[in-house]
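What the coordinates show
The chain contents come next:
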Amino acid sequence: MATAPKPQTDSKAITKEVLLRVEGVTKIYDGTVKAVDNVSLTVNKGEIFGLLGGSGCGKSTLLRMMAGFEKPTKGKIFLDNQDITDLPSYQRPINMMFQSYALFPHLSVWENVAFGLKRDNMPKDEIAKRVDAMLTLAQLNKYAQRKPHQLSGGQQQRVALARSLAKRPKLLLLDEPLGALDKKLRETTQLELVNIIEEVGVTCVLVTHDQEEAMTMASRIAVMSEGYFLQIGEPDVIYETPNSRQVADFIGNVNMFEGEVIVDEPDHIIVKCDECTHYVGHGFTGNKGMAVGVALRPEKIMLSKDKPKGEYNWAEGVVTEIVYFGDHTTYHLKTAAGHVIKAQEINNTRDLSCGLTWGDHAYMHWGDLAMIVLTH
Amino acid sequence: MNMLKNLFQGNKLVIGIPYGWFLLLVAIPLLIVMKISLSEMEATSVSNMISWTNGLPTLKLNFANYQFIFSDALYVKTYISSIKYALITTLICLAIGYPFAYFMARAPKHVQPTLLMLIMLPFWTSFLLRIYAWKTLLVSNGVINNVLMSLHVINAPLEMMNNSFSLTIGMVYSYLPFMILPLYANLSKLDLRYLEAAADLGTSPFKAFWLITVPLSKAGIIAGSMLVFIPAVGEFVIPELLGGPDTLMIGRVLWDEFFSNNDWPMAAAVAVVMIALILVPMAILNKAEAKLEEA
């Protein structure tokens, strides 16, 4: 397993009081299909916890078990040290913001937000006060008497949020909260959503398939695949020190080099691969002769037309593809060994930064702390 | 551009067919019925109803039939009785049909077509036969009485035939599918996530049914109720076969006016009043509904 180049410090001011504890939860459908496989996790108070994974990885099933819509086949769920595994959803102090929003179409915005409060037999004037406060928070006062279908997607999303926050739940579940919005709106809404959540101070579990959404919103992320957790950690830890090829591949873009450890020293290792030799500036738990994967993110590769100095950490190839994104450009280079390596250049001038074009021969080089050595 | 134009005309043609049908077979006959109801004799032609005085046409209308309908207590009573039986039928159909449609919509997907088939199965036999079958079940020496008597549950046969009981049973039995089908169509489309959202916000399943399922199936309830209520008001066959002397229904009066008394203008007037009785309140309801939606 790769050791991180520097020790992880818990920089975020999160109280370490556990709110939600999931213990060995398994969900089996129809006797055979394992949707969630022996999953355990804790969510601290005030935290936004992200469940990230592709479709069918079990993240939604896990969320639905937290909400009480599904019963775990095995395992227990605790909220504030109280076992809620068998508590029906309508008795849990947990509210969910649905992916489709599930706003009641026959009720106005005001009535939608008041719906949960009315069920608690709250006095009328108090309901009115709370609903108005929620609508102010979500900037919806103008639309209080509208029906959901008269609102735009972004407004509906805010109604859904206001409704799920109105009861002041101990835990807020967000199921793909921005999935139905277009890209531009998603970016602004992301920050808006985090601001509102932090203002209210509610603990959140966020389910998403969008790694960018998870990275920007969550304080910790669990990467899920086939019903179990691949890795749990802070966004930067997951991105910079993934613990397996699968996580490295799922989060962001990555170039994977397969090779063999030829030098294993406490302060560095050298890995021999087909197209290059990696000099990794830190030790690793493993030994000489071991087959490892070296993961290298495209943005950590620099391109040049001149041959780099030294014998380590560079490779050469021919430009086969240039993908222009506006703010950056991704170059695909084919090596002599037949692998395609992606390198990403920031377009910091208005002409393409390194003047490479299709068919050009180019060199790629990178620093000795740029790569991740993976044994899984 | 040309193709678009052709397409547009094709649209008009397709839409035009049902409108043409409606005009030919509903609107024109209705106007004829109205004309008959306003003339003294059936054969009176429109030109005879117009008299010319000082070069100006005057329409000579005969409102005597309508005056008679509203002054005769029997007609008024029959109208009220018809609406009463139609309402009772509608309410019972709704009470039986709603849970039926609800569970059908919630049944596993693969059994739903079978359940739907079972609802429609009675239509495969003649309507008349099915009503006659009820007769053999309900009469004094019928199947039900015989079974109950032989089991010594009762000593004397129950009076179930030719009264409001047999009439209501026959009407509910015949019209139930018309209630279930639109309700099923509506309820099977209900997004179950609304119920999850309600539960998530602290609503028990029973409460969620009344707060979410019922209001969201309003369109189905209205459609089903209309499909039962409207034909039930004018029903003739069921009151004729299963009804008795006490079960006044306007359909039977209509029949008598047309075929026993041969008084076509009177019969036409009875029919027009019946249509007005159903359509006018419905139009008002529709308007109010539309206004409510707008607000």
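Parameters and conventions
Residues numbered from 1 in each chain as written. Chains lettered and ligands numbered in written order. Predicted model: local features only at pLDDT ≥ 70, side-chain atom pairs only at ≥ 80, totals over all residues. Contact = placed C-beta atoms within 7 Å. Helix = DSSP H or I, 4+ residues; strand = E, 2+ residues; numbered from the N terminus. Nonpolar A, V, L, I, M, F, W, Y, C, P; charged D, E, K, R; others polar. Pairing = 2+ DSSP bridges. Axes fitted to C-alpha atoms, helices over the stretch in contact; angles between N-to-C directions. Core = buried A, V, L, I, M, F, W, Y, C linked by C-beta atoms within 7 Å. Buried ≥ 20, exposed ≤ 12 C-beta atoms within 10 Å, placed from the backbone. Domains from an automatic or database assignment.

Our next topic: the interface of chain A and chain B. Across the boundary between the two partners, chain A contributes 16 residues, which contact 13 residues of chain B. Elements with a minimum of two residues in the side of chain A that touches chain B: β6 (94-97) and α2 (109-119) of chain A. In terms of residue count, the dominant contributor to the side of chain A that touches chain B is α2(A) (3 residues). In terms of residue class, the side of chain A that touches chain B is built from 8 nonpolar, 5 polar and 3 charged.

Another aspect to go through is the sheet that holds strand β17 (residues 328-334) of chain A. Residues and elements named next belong to chain A. A sheet is described by the order of its strands in space; here 5 strands give the open sequence β15-β19-β16-β17-β18, paired in antiparallel fashion. Strand pairing shows two members of the sheet lacking a second neighbour, β15 (302-304) and β18 (340-346), which therefore form its edges. Averaged over neighbouring strand pairs, the angle between their axes works out to 45° when direction is ignored.

With that out of the way, let us pick up the nonpolar core. If you look at the biggest cluster of nonpolar residues, it comprises 108 residues, and the most contacted ones within it are A:V113, A:A162, A:L173, A:V205, A:L206, A:V223 and A:V373. Residues contacting A:V205, with those up to four places away along its chain left out, are A:V43, A:F49, A:L51, A:L63, A:M66, A:L171 and A:L173. Core analysis: the second largest hydrophobic core is formed by 43 residues, B:A101, B:I238, B:V253 and B:A271 among them.

The next thing to look at is the domain arrangement of chain B. Residue and element names in this part refer to chain B. What the domain assignment reports for chain B is domain 1 (16-62) and domain 2 (68-294). Placing a centre on the C-alpha atoms of domain 1 and another on those of domain 2 gives a separation of 34 Å. Tallying the contact residues gives 8 residues for domain 1 and 6 residues for domain 2. Of the residues assigned to the side of domain 1 that touches domain 2, the class counts are 4 nonpolar, 2 polar and 2 charged.

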